Amino acid sequence: MEAPWISVRETVRDEWIDFNGHMTNAAYVTAFDIASVAWLHRIGIDPEYRTRERCSTFALELHTVFHRELPARAPFAIETRLLDFDAKRLHLFHQIRSIEEGFLAASLEVVTMHVNLDQRRSTPMPETIAGRLTAWKAASDRLGWPEQASRRVGLKRA
């Protein structure tokens, strides 16, 4: 397993630009969602899995941090890592980087829950998926904890 994994290579779409001339908040979340889906497919939670197992993942919590602007048509890549997991949950970390200049534009943490689609209730992931997660986490652990991860929302007071 490689970490971080480049889950998305894309260009900022014109329709993703807001009145300030940069990507909208919603566009960042859209791009990060594309990355999450790509990573889930990579570990085996793909359309065939959803049909066969009647299971998928639902997002429980998102935390986005904006570091620097991305303008229209700027090429970017999203790096994805698995920070943690248990029998039912995944903690992913994504970073959008400018391909041309290499700067960090935004980061997002997401915690997802493995869900039985018929019951709409959480359910443990199968051992085959858990085994893949162990390998992905080990690869991410070798990089250390990302500086931007586990931040909280609030105002810093002196």
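For the structure, check the block above.
Let me begin by describing the structure that accompanies this report. In this text the structure is predicted, and so the values were computed from the model without any measurement.

### With respect to the packing of helix 1 (residues 25-43) against helix 3 (residues 127-141)
Moving on, step 1. Taken N-terminus to C-terminus, the directions of helix 1 and helix 3 make an angle of 115 degrees; their axes are 10 Å apart at the nearest point. Of the residues in helix 3, those in contact with Trp39, Arg42 and Ile43 of helix 1 are Ile129, Arg132, Leu133 and Trp136.
Moving on, step 2. A breakdown of the residues in the contact of helix 1 with helix 3 according to their chemical character gives 5 nonpolar, no polar and 2 charged.

### Focus on the pairing of strand 3 (residues 75-85)
Moving on, step 1. When you tally the buried positions in strand 3, you get 9 out of 11 residues, the bulk of the element.
Moving on, step 2. Pairing between strand 1 (residues 5-11) and strand 3: 6 bridges, direction antiparallel. Opposite valine 8, over in strand 3, you have isoleucine 78 as the bridge partner.
Moving on, step 3. Where strand 3 lies against strand 4 (residues 89-98), 9 bridges are found, and the strand directions are antiparallel. Its bridge partner lying in strand 4, alanine 77 is registered against arginine 97.
Moving on, step 4. The turn linking strand 3 back onto strand 4 is made up of 3 residues.

### Digging into the nonpolar core
Moving on, step 1. Ranked by size, the top nonpolar core spans 33 residues in total, and within it Trp39, Leu70, Phe76 and Ile96 carry the most contacts.
Moving on, step 2. Looking at this core, the elements with two or more residues in it are strand 1, helix 1, strand 3, strand 4, strand 5 (104-116) and helix 3.
Moving on, step 3. Per element, the largest residue contribution to this core is 8 residues, and it comes from helix 1.
Moving on, step 4. Beyond its immediate stretch of four places on either side in the chain, isoleucine 96 contacts Tyr28, Ala31, Phe32, Leu70, Phe76, Ala77, Ile78, Phe103, Leu104, Ala105 and Ala106.

### So, the packing of aromatic side chains
Pairs of aromatic rings are described using the distance from one ring centre to the other and the angle between the two planes.
Moving on, step 1. This structure, assessed with the given rule, holds 4 aromatic pairs.
Moving on, step 2. Between tryptophan 5 and tryptophan 136, the ring centres sit 6.2 Å apart and the planes meet at 70 degrees, which makes this aromatic pair edge-to-face. Here tryptophan 5, found in strand 1, pairs with tryptophan 136, found in helix 3; they are 131 residues apart in sequence, far enough to count as distant. Each member of the pair, tryptophan 5 together with tryptophan 136, is buried.
Moving on, step 3. When the centroid spacing of 5.7 Å and the interplanar angle of 75 degrees are considered together, the rings of tryptophan 39 and tryptophan 136 count as edge-to-face. In this pair, tryptophan 39 sits in helix 1 while tryptophan 136 sits in helix 3, placing the two residues 97 residues apart along the sequence.
Moving on, step 4. Among the residues examined, tryptophan 39 registers a relative accessible area of 0% and is labelled buried.
Moving on, step 5. Pairwise contacts between aromatic rings join Trp5, Trp39 and Trp136 into one cluster.
Moving on, step 6. In this arrangement the basic side chain of arginine 68 is found over the ring face of phenylalanine 103, its NZ or CZ atom lying 3.9 Å from the centre.

### Topic: helix 3
Moving on, step 1. Relative to the 21 Å expected for 15 residues at 1.5 Å per residue, helix 3 spans 21 Å between its end C-alpha atoms, a close match to the ideal helical length.
Moving on, step 2. Its buried side turned inward, helix 3 meets strand 1, helix 1, helix 2 (47-53), strand 3 and strand 4.

### Notes on helix 1
Moving on, step 1. Between its first and last C-alpha atoms helix 1 spans 27 Å; for 19 residues at 1.5 Å apiece the expected length is 27 Å, and the two agree.
Moving on, step 2. For helix 1, the full list of buried residues reads Ala27, Tyr28, Ala31, Phe32, Ala35, Ser36, Trp39, Leu40 and Ile43.
Moving on, step 3. In this structure, the buried side of helix 1 is in contact with strand 1, strand 2 (55-66), strand 3, strand 4, strand 5 and helix 3.
Moving on, step 4. Looking one or two residues beyond helix 1, the residue adopting positive phi is glycine 44, at roughly 110 degrees.

### Some points on the pairing of strand 5
Moving on, step 1. Within strand 5, 12 of the 13 residues are buried, which leaves it mostly tucked inside the rest of the structure.
Moving on, step 2. Of the pairings in the sheet, the one linking strand 2 to strand 5 comprises 11 bridges and is antiparallel in character. Within strand 5, the residue paired with valine 65 across the bridge is serine 107.
Moving on, step 3. Note that strand 4 and strand 5 share 9 bridges and pair antiparallel.

The rules behind these values
- Residues numbered from 1 in each chain as written.
- Predicted model: local features only at pLDDT ≥ 70, side-chain atom pairs only at ≥ 80, totals over all residues.
- Heavy atoms only, no water.
- Axes fitted to C-alpha atoms, helices over the stretch in contact; angles between N-to-C directions.
- Helix = DSSP H or I, 4+ residues; strand = E, 2+ residues; numbered from the N terminus.
- Contact = heavy atoms within 4.5 Å.
- Nonpolar A, V, L, I, M, F, W, Y, C, P; charged D, E, K, R; others polar.
- Buried < 20%, exposed > 50% of the residue type's maximum accessible area, 1.4 Å probe, protein only.
- Pairing = 2+ DSSP bridges.
- Core = buried A, V, L, I, M, F, W, Y, C linked by side-chain atoms within 4.5 Å.
- Phe/Tyr/Trp six-rings, centres within 6.5 Å; stacked < 30°, edge-to-face > 60°.
- Lys NZ or Arg CZ within 6 Å of the ring centre and 35° of its normal.
- Expected span 1.5 Å × (residues − 1).

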